[in-house]
Amino acid sequence: MASMVLGVAPVAHAAVVDVTCVGTTQVNYSPGLKIQPRSIHFVENDLYTICTSSDPTIKTGRTVISFTTVFSCLQPLRTGTAPNPITWNNGQTSNLLLNYGATFADGQNILVGNGIVTDGEFKGDSAKVVLTYAQPDVTQCLSPQGVTSQIGTATVTINGS
């Protein structure tokens, strides 16, 4: 008589979405971006206007990042590891540490940051930020002032375990 052993497949556990938000992003460059790389002061304001969260007090969030580095119209906005603090409407903060990659595709500059929440609300959770901007207009890059700002879309997702 043959015996049969039934295996039990492991149960997949889906990540719990602690917060997901959509909104806008705006960056300002001083001086403006040109074709040739130069030192630029960069200020980014991300405003998350629609949020869904496991914390019912979170409705909106905001990130402000400011630094100086070398940029041009032909380089991605930023790559590498960088902090990304989000201040929520409830007064709490989530400090994200993200590894950014950037691509140019179909006339857009898409920045994707993946990492973790290092401190504050949702500490220890995984995090992902996606910022999408139109590629700078070459004629604006060649103008005397260069590209002084860009506006795009922003999303953030923070997942627990």
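Computed from a predicted model, the values in this text were never measured in an experiment.

**As for the state of the cysteines**
- The full count for this structure, using the stated rule, is two disulfides.
- A sulfur-sulfur separation of 2.1 Å characterises the disulfide bridge that pairs C21 with C51. Measuring handedness by torsion sign, the sulfur bridge of C21 and C51 sits at about 115 degrees and is right-handed. Taken as a pair, C21 in strand β1 (residues 16–33) and C51 in strand β2 (residues 38–53) lie far apart in primary sequence, 30 residues in all. For the pair shown, C21 and C51 are each scored as buried.
- A sulfur-sulfur distance of 2.0 Å marks the disulfide that ties C73 to C141. One disulfide, between C73 and C141, carries an S-S torsion of -105 degrees and so falls in the left-handed class. On the criterion of sequence distance, the pair formed by C73 in the loop between β3 (61–71) and β4 (80–88) and C141 in helix α1 (residues 138–142) is long-range, its members being 68 residues apart.

**Some remarks on the environment of T155**
- With respect to the helices and strands, T155 occurs in strand β8 (residues 147–160).
- With relative accessibility at 29%, the residue T155 sits in the partly exposed group.
- Other than its neighbours up to four places away in sequence, T155 contacts C21, V22, Y48, K128, V129 and V130.

**What to know about the nonpolar core**
- Membership of the largest hydrophobic core comes to 30 residues, with the highest contact counts inside it found for V19, Y48, W88, L96, V129, V156 and I158.
- Sorting elements by how many residues they give to this core places β1 first, with five residues.
- Sequence-distant contacts of V19, defined by excluding residues within four places in its chain, comprise C51, T52, S53, I58, W88, F122, V156, T157 and I158.

**Examining the pairing of strand β6 (residues 108–120)**
- Strand direction decides the pairing type here: strand β5 (residues 93–105) and β6, joined by twelve bridges, are antiparallel. Bridge assignment links A102 to a residue of β6, and that residue is L111.
- Counted between consecutive antiparallel strands, the loop separating β5 from β6 contains two residues, among which D106 sits at a positive phi close to 50 degrees.
- Relative to strand β7 (residues 126–134), β6 is paired through nine bridges, and the arrangement is antiparallel. Looking at β7, one finds that G115 is bridged to A127.

Parameters at a glance
- Residues numbered from 1 in each chain as written.
- Predicted model: local features only at pLDDT ≥ 70, side-chain atom pairs only at ≥ 80, totals over all residues.
- Heavy atoms only, no water.
- Disulfide = S-S within 2.5 Å.
- Helix = DSSP H or I, 4+ residues; strand = E, 2+ residues; numbered from the N terminus.
- Buried < 20%, exposed > 50% of the residue type's maximum accessible area, 1.4 Å probe, protein only.
- Contact = heavy atoms within 4.5 Å.
- Core = buried A, V, L, I, M, F, W, Y, C linked by side-chain atoms within 4.5 Å.
- Pairing = 2+ DSSP bridges.

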